[in-house]
Amino acid sequence: MNDGRLVLAKGVRIPVVWSRELPPEPTSVRITQDSLGHWYASFVVHRTVEPAAMAEGSIGIDWGVRTTATTTDPAFDLPHRGHRARCASELARAQRKSSRRHRKGGPQSRGYQRAARMVAKLHKKAARQTQHDARMWAKSVVDNHDVIAVEDFTPKFLAKSTMARKAADAEIGAAKREIIERGERAGRMVVLVRPAHTTMTCSSCFARAKQRLELAERVFRCHACGFTEGRDRNAARVILAVAERGHTRVEDVSQSGHRLPVVGSVAV
Ligand SMILES: [Zn+2]
C-alpha cells in the first residue's frame, strides 16, 4: 500500500480515498461493495489500547428534535443539522422524477433506474454526514467529562412520521450510539436515565409540575421555587442530577433527597 493505492492479490492496484488514517500496518483487509456499487475496504489492525486521558466534570444530555442534544453545558450542545432536510429539495426532485418514470409492472426504464439511484445516493450521503457529526460531538463530550448521563430515549421511526422527524430521529439515534460506545470505551461512567418526568421536574428543587409542558412551551418555570430555565436545558440538568444520585429514574429521587451539598456546578 503506497502512493495512495491499494495493492490486491495478483498485483491489482486500485486508487483509494481514505476515510481515516491507519494507525499501524494492517494485518488483513476485507473488500465489500454496497448497494450503490461503492467499494469499501475495512482493515484489521492491532493497536495497543491507550487509556483515555483523565477528565473531570459531569454532563447531562437531553435529546430533542430542534436541538439534537441539549446538555447541561451549552458549549456541548449538538444542533440539529438536518442534512436530510437540506438536500430535501434535491431529493424531492429526484423522487418526483423516479415516480414519473416508474412503470407499473414490466421492466423499468433507464431513466427510472437513474433517478432511483440518485434518491439512494442522496440518502446515503446524508446518513454519512450525520454519522460524522455524531462522532465528532461524542469525542469532544467524552474527552471532557467523566460522568455522562444520557436520556434513554429510543426513536420510533414510525411510517407515518414526517421526513423532518425521521431526519431528527436519525441524528438522535446516531449521537446516542456514539456517546454510549465512546464513553464506555474510555472508561467513563455512562448512565442511562429514563425519560419519564424529565421535562416536568424542576432541576433546582425537584418539585414536579402538575401538568406536562406542551411541546410548544420552550421554557420551564417551577411553581414551587420559581426556577426558570429553557425546557431542554432543565431536562438535561434533571437527567444529570438523577444519575449523580445513583439512580436511573426521576421517580427514585425524592424532593428531599435532592438537597445534596452542591458546590458550584459540580455535585459531589
Ligand atoms: Zn423548583
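Residues numbered from 1 in each chain as written. Predicted model: local features only at pLDDT ≥ 70, side-chain atom pairs only at ≥ 80, totals over all residues. Heavy atoms only, no water.

Caption draft 1: Spatial organisation of the pairing of strand β4 (residues 39–44). When strand β3 (residues 28–33) meets β4, the two strands line up antiparallel, connected through six bridges. Along β4, the bridge assignment pairs S28 with V44. Counted along the chain from β3 to the antiparallel partner β4, the turn is five residues long, and its residue G37 has a positive phi close to 90°. (Pairing = 2+ DSSP bridges. Helix = DSSP H or I, 4+ residues; strand = E, 2+ residues; numbered from the N terminus.)

Caption draft 2: Examining the sheet that holds strand β7 (residues 78–79) more closely. Read across the sheet, five strands follow the order β7-β6-β5-β8-β9 without closing on themselves; strand pairing throughout is mixed. The outermost strands of the open sheet, each flanked by one partner alone, are β7 and β9 (189–193). Packed onto the sheet, helix α3 (residues 110–144) meets β5 (58–63), β6 (67–71), β7 and β8 (147–151) and runs at close to 150° relative to β5. Relative to the sheet, helix α5 (residues 231–244) contacts β5, β6, β8 and β9, its axis offset from that of β5 by approximately 130°. (Contact = heavy atoms within 4.5 Å. Axes fitted to C-alpha atoms, helices over the stretch in contact; angles between N-to-C directions.)

Caption draft 3: Representation of the coordination of the zinc ion in the model. Looking at the zinc ion, one finds its protein donor set to be C202 (SG), C205 (SG), C222 (SG) and C225 (SG), positioned 2.3 Å from the metal centre. Note that the zinc ion binds four donor atoms; their angles at the metal cover 105 to 114°, and the shape is tetrahedral. The sequence pattern formed by the donor residues of the zinc ion is C-x2-C-x16-C-x2-C. Highlighted residues: C202 in the loop between β9 and β10 (219–221) and C222 in the loop between β10 and β11 (228–230), separated in sequence by 20 residues. (Donors = N, O, S within 2.8 Å, 3.2 Å for Na, K, Ca; no water. Tetrahedral: all angles 85-135°; square planar, octahedral: opposite > 155°, others 65-115°.)

Caption draft 4: Spotlight on a positive patch on the surface. Among the surface-exposed residues, R93, R96, K97, R100, R101, R110 and R114 lie close enough to one another that they form a single positively charged patch. Mapped by element, the contributors of at least two residues to the positive patch are α2 (88–100) and α3. The element that contributes the greatest number of residues to the positive patch is α2, accounting for four residues. Mapped onto the elements of the fold, R114 is located in helix α3. Residue classification places R114 among the exposed residues on the basis of a relative accessible area of 57%. (Patch = residues over 30% accessible without salt bridge, like charges linked within 9 Å, V, L, I, M, F, W, Y side chains within 5 Å. Areas by Shrake-Rupley, 256 points an atom, 1.4 Å probe, with all protein chains shown as cover. Salt bridge = Lys/Arg side-chain N within 4 Å of Asp/Glu carboxyl O. Lys, Arg positive; Asp, Glu negative; His and termini not counted. Charge placed at Lys NZ, Arg CZ, Asp CG, Glu CD. Buried < 20%, exposed > 50% of the residue type's maximum accessible area, 1.4 Å probe, protein only.)

Caption draft 5: The arrangement of the nonpolar core in detail. In terms of nonpolar packing, the biggest core is built from 20 residues, with I61, W63, W137, V141, I148, V150 and I179 touching the most fellow members. In contact with I61, not counting residues within four places along its chain, are A69, T70, T71, W137, V141, I148, A149, V150, E151, I179, A236 and I239. The next biggest cluster of nonpolar side chains, apart from the first, holds twelve residues, and it includes F206, V238, A241 and V250. (Core = buried A, V, L, I, M, F, W, Y, C linked by side-chain atoms within 4.5 Å.)

Caption draft 6: Structural view of the packing of aromatic side chains. Counted under the stated rule, the structure contains one aromatic pair. Between W63 and W137, the aromatic rings sit 5.9 Å apart at their centres with planes inclined by 65°, giving edge-to-face as the arrangement. Here W137 lies in helix α3 and W63 lies in strand β5, a separation of 74 residues in the sequence. (Phe/Tyr/Trp six-rings, centres within 6.5 Å; stacked < 30°, edge-to-face > 60°.)

Caption draft 7: Summary view of unusual backbone geometry. A positive phi angle, close to 70°, is found at H197, a residue other than glycine. Relative to the assigned elements, H197 resides in the loop between β9 and β10. Its identity as a non-glycine residue notwithstanding, F206 has a phi of 65°, on the positive side. Here F206 is to be found in the loop between β9 and β10.

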